[in-house]
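Summary of structural features
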Amino acid sequence: MVVENKPSDDDIQEQRRNCLCKLTKFAAAAGVTAAVWPLISSLGPDETARGENEPIDVSLAGVAAGQTVRRLWQGKLILIHHRTPEEIAAARTGAHSALIDPQSDSERVTPDHPQWLVVQGYCPHAGCVPNARPGGQGWVCPCHGSEFDTSGRVTRGPATANLAVPEYAFHPDGLTVRIGAKDA
Ligand code: FES
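As the structure is a computational prediction, the values presented were derived from the model and not from experiment.

1. Brief notes about the overall build of the chain
Within the chain, the secondary structure is distributed over two helices and ten strands. Each helix and strand of the chain, placed in order from N terminus to C terminus, yields the pattern α-β-β-β-α-β-β-β-β-β-β-β. Residue burial in the chain is summarised as follows: out of 184 residues, 35% are buried. Across the chain, every contact between residues at least 6 apart in sequence was considered, and the portion connecting residues at least 24 apart equals 48%. Accessible surface for the chain amounts to roughly 11,000 Å². Of this, 55% is attributable to carbon and sulfur atoms.

Structure follows, in structure tokens:
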């Protein structure tokens with residue numbers, strides 16, 4: 001004769017906990033995938049990249065003022081931001097000598113294309129990716145609150161350095177930028 005052991009209330013509770021735990025992990029993984037995909041899909045290397053250490057050409061045609069293009073170059077996130085006239089004016093107002101990491105706006109952009117700010121997308125404090133502040137007010141780091149102006153210069157710590165500017169140059173068409181080279 002086979003005797004079936006009837007599960008106790010404790011056993012049933014334990015099974016429910018295990019099941020809930022598995023469901024929660026699955027939902028979390030699905031949520032992370034859904035949240036990360038749009039970002040990853042916009043980070044693909046530009047189609048004109050020739051090799052991992054080679055410069056990349058990024059077309060900026062159709063990128064409206066206020067928009068930011070994200071590209072990966074040598075495994076680093078590069079932000080190419082099309083500044084509005086107001087953002088440019090804000091970057092040029094006030095004495096840059098009083099900043100934490102003094103640098104003029106003209107030292108950080110090319111003279112012929114001051115509307116384009118090209119920076120690495122990492123906070124110099126500990127490497128977090130800064131978020132754009134609403135209304136073209138620069139960037140803020142989500143990790144410890146460092147703030148950066150419309151020239152990518154740090155205006156509030158704990159970061160002590162500006163967003164790094166990579167080597168870049170514009171093609172003669174003015175609408176294609178080469179990241180990782182001094183000329184194009
Ligand atoms: Fe940006 Fe710390 S990593 S403030």
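2. Side note on unusual backbone geometry
In this structure, P158 follows G157 across a cis peptide bond, with omega equal to 20°. Inspection of the secondary structure assignment puts P158 in the loop between β8 (154–156) and β9 (168–170). Of note, Q74 is a non-glycine position whose phi angle comes to about 50°, a positive value. The topology assignment puts Q74 in the loop between β2 (68–73) and β3 (76–82).

3. Some points on the nonpolar core
Counting residues in each nonpolar core, the largest one holds 27 residues, and the members touching the most others are V58, L60, I80, F148, Y168, V177 and I179. Contributing elements (two or more residues each) for this core: β1 (56–59), β2, β3, β4 (116–120), β9 and β10 (176–179). The residues touching L60, leaving out its near neighbours within four places in the chain, are V69, I80, W116, F170, L175 and V177.

4. Concerning the packing of aromatic side chains
According to the stated counting rule, one finds one aromatic pair in the structure shown. Judged by centre distance (6.2 Å) and plane angle (80°), the rings of Y168 and F170 are edge-to-face. Each of the two residues, Y168 as well as F170, counts as buried.

5. As for the sheet that holds strand β6 (residues 139–140)
The strand order across the open sheet formed by four strands is β5-β6-β7-β8, and the pairing between neighbours is antiparallel. Of all the strands in the sheet, just β5 (131–132) and β8 have a single pairing partner and so form its edges. Looking at chain direction, β6 and strand β7 (residues 147–148) are connected through two bridges and run antiparallel. When the bridges of β7 are listed, W139 appears paired with F148.

6. Some thoughts on the state of the cysteines
As used here, a disulfide is simply a covalent bond connecting the sulfur atoms of two cysteines. Within the structure shown, the criterion is met by one disulfide. Disulfide partner of C128: C143, at an S-S distance of 1.8 Å. The chirality of the disulfide connecting C128 with C143 is left-handed, given an S-S dihedral of about -90°. Of this pair, C128 sits in the loop between β4 and β5 while C143 sits in the loop between β6 and β7; the two residues are 15 residues apart in sequence, bridging distant segments of the chain. Given a relative accessible area of 18%, C128 falls into the buried group.

7. Regarding the sheet that holds β3
Reading across the sheet, the three strands line up as β2-β3-β4 and stay open at both edges, with antiparallel pairing between neighbours. Single-partner strands in this sheet number two, and they are β2 and β4. On average, each strand axis in the sheet is inclined to that of its neighbour by 20°, with strand direction left out of account. As judged from the five bridges shared by β3 and β4, these two strands associate in the antiparallel manner.

8. Re the pattern of salt bridges
Tallied over the full model, the rule gives seven salt bridges. Its salt-bridge partner being R133, residue E147 comes within 3.5 Å of it at the nearest N-O pair. One end of the pair, E147, is in strand β7; the other, R133, is in the loop between β5 and β6, with 14 residues separating them in the sequence. Through salt bridges with shared partners, a single ionic network connects R83, R92 and D105.

Definitions and limits used
Think of each chain on its own: its residues are numbered from 1, step by step along the sequence as written. pLDDT decides what is reported in this predicted model: residues at 70 or higher carry local features, side-chain atom pairs at 80 or more are listed and counted, and totals for whole chains, interfaces and linings draw on all residues regardless. Side-chain descriptors were evaluated using all non-hydrogen atoms of the structure, hydrogens and water having been removed beforehand. Only DSSP runs of H or I with at least four residues qualify as helices, and only runs of E with at least two residues qualify as strands; both kinds are numbered from the N terminus onward. Buried means the residue's accessible area, taken with a 1.4 Å probe over protein chains only, is under 20% of the maximum for its type, while exposed means over 50%, and partly exposed covers the values in between. The contact definition used throughout considers only heavy atoms, calling two residues in contact when any of these lie within 4.5 Å. Method for areas: the Shrake-Rupley scheme with a 1.4 Å probe, in which residue coverage is limited to the protein chains shown. Buried residues of nine kinds, namely Ala, Val, Leu, Ile, Met, Phe, Trp, Tyr and Cys, make up a nonpolar core once their side-chain atoms join them within 4.5 Å. For this analysis, a ring pair means two rings from Phe, Tyr or Trp (six-membered ring only for Trp) whose centres lie within 6.5 Å, classed as stacked if their planes differ by under 30 degrees, edge-to-face if by over 60, and tilted for the remaining angles. Strand pairing is assigned whenever DSSP identifies at least 2 bridges connecting the two strands. Working definition: a disulfide is two cysteine sulfur atoms within 2.5 Å of each other. Fitted lines through C-alpha atoms serve as axes, helices being fitted only where they are in contact, and the angles separating the N-to-C directions of these axes extend from 0 to 180 degrees. Salt-bridge detection follows one rule: a side-chain nitrogen of Lys or Arg within 4 Å of a carboxyl oxygen of Asp or Glu.

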